[in-house]
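# Summary of the model geometry
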Amino acid sequence: MGTTWNDTPSADRVHITFFGKMNSGKSSLINALAGQQISIVSDISGTTTDLVKKPMEIHGIGACVLVDTAGFDDTGVLGESRVALARQAAKQADLAVLVFDGNGQNSRFDEEKQWFCLLQKRDTPVILVLNKTDTNARAKELALQIGEQFGKTPLLASAAAKEGIEELKQALIAAAADKSTEQMRQITGGIVGKEDLVMLVMPQDIQAPKGRLILPQVQTLRELLDQKCITVCTSTDQFTHALAALKQPPKLIVTDSQVFRTIYEKKPKESMLTSFSVLFAAYKGDMDYFVQGAHLIETLTEQDQVLIAECCTHAPLDEDIGRVKLPRLLRKKVGEGLRIDIVSGTDFPQDLAKYSLIIQCGACMFNRKYVMSRVEAAKEQRVPMTNYGVAAAYLNGILDQVELPGQSRKEQQ
């Protein structure tokens, strides 16, 4: 059975996130757009407490996920936590819908302006929607005020009366079309094409999930098949036998970063080499910045502090690349006194000043928008940043021999 839109990983979906004050009707708009009840709707303010996500397909956009957030005017200790979650969602939003309460009396929109500016700073397209217009005779007047203050006219909608929903959908499709180049990024970065022979080396050790492949392997394999590449898969221990079975050397070998050195020493000279994590470094992040950060490993001392950030959360395993192998390689290079902090999921510090380097995982579980928010935070605070695969290649002394999508060989050297 073929892959369907419902099988698309969340990280590869267009994230459409709804923001607004409590009781502005965000949940009702999402339900109307989805054609089913996704979020609980109530007249009681603050009904939506956590992020509510609905994966779906919108013709003209493709696989997407609708994200409902708590009102950004929520108060109290719990309210502050809910607003923090909304701010986290803003980092992942590919498209944003800023909802205004059509029955509201405040015409200054101070909080809406703060969030509008926050989203614009992140280069996130924002669609303004004035909701509940069916119950307010002043709706058009209010829309004019919003247009004057925000520089764009809001859509008029009523989730209850199912009015303006089609217009909202078309606005989302148009906004997504403007971002289509970003959405069409390739994992392999165009370094291989039709009929090229590609070998994927996938260790099946304690790190491999029982009975399945990890997401970067699956996504890379699927893209190669879609590109009509001739693709061969093997485990590390069968790599030499797999090469011997081929009539010609692979154009590209993609391996797991933890066996970089092993595969490099055994690969044919004419075959390009990279890793899944390196591919995702370019696919999700900023390869130039990551390469610069990797070279700065040379300057680290035992008085420095390094942050290792992984996006997925899992119980630590023996020989885990982020928790065991990279720290071991770093301390072997720098010294046992090097301090290393490890965070997972969305637990990424706001203040990065104490770190001399950040090493980010491949981030297959998060979208590019979120990874780039981490990159921008690092740049703003002038903290070097690299990626698991790029760092592993540097620490193994082979970074100049690894194919880095988006960089010329001259830039790599």
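Below: a short report on this structure. (Residues numbered from 1 in each chain as written. Predicted model: local features only at pLDDT ≥ 70, side-chain atom pairs only at ≥ 80, totals over all residues. Heavy atoms only, no water.)

### Remarks on the nonpolar core
- One finds Val306, Leu326, Ile359 and Val390 to be the most contacted residues of the largest nonpolar core, which totals 59 residues.
- Among the elements that make up this core, the one with the highest residue count is helix α14 (residues 388-395) (7 residues).
- Among residues more than four places away in sequence, those in contact with valine 306 are Leu300, Leu330, Leu338, Arg339, Ile340, Asp341, Tyr355, Leu357 and Ile359.
- Membership of the second largest hydrophobic core comes to 26 residues, among which are Val14, Leu66, Ile127 and Leu168. (Core = buried A, V, L, I, M, F, W, Y, C linked by side-chain atoms within 4.5 Å. Buried < 20%, exposed > 50% of the residue type's maximum accessible area, 1.4 Å probe, protein only. Helix = DSSP H or I, 4+ residues; strand = E, 2+ residues; numbered from the N terminus. Contact = heavy atoms within 4.5 Å.)

### A few points about the packing of helix α2 (residues 76-92) against helix α3 (residues 110-121)
- Relative to each other, α2 and α3 sit at 30°, their axes nearing to 10 Å. Judged by residue contacts, Val83, Ala86, Arg87 and Ala90 of α2 engage Trp115, Leu118 and Leu119 from α3.
- Along the lines of polarity and charge, the residues of the contact of α2 with α3 split into 6 nonpolar, no polar and 1 charged. (Axes fitted to C-alpha atoms, helices over the stretch in contact; angles between N-to-C directions. Nonpolar A, V, L, I, M, F, W, Y, C, P; charged D, E, K, R; others polar.)

### Focus: unusual backbone geometry
- Its identity as a non-glycine residue notwithstanding, phenylalanine 109 has a phi of 55°, on the positive side.
- Inspection of the secondary structure puts phenylalanine 109 in the loop between β4 (95-101) and α3.
- The class for phenylalanine 109 is buried, based on a relative accessible area of 5%.
- One non-glycine residue, glutamate 195, adopts positive backbone phi at about 70°.
- Since its relative accessible area comes to 56%, glutamate 195 is described here as exposed.

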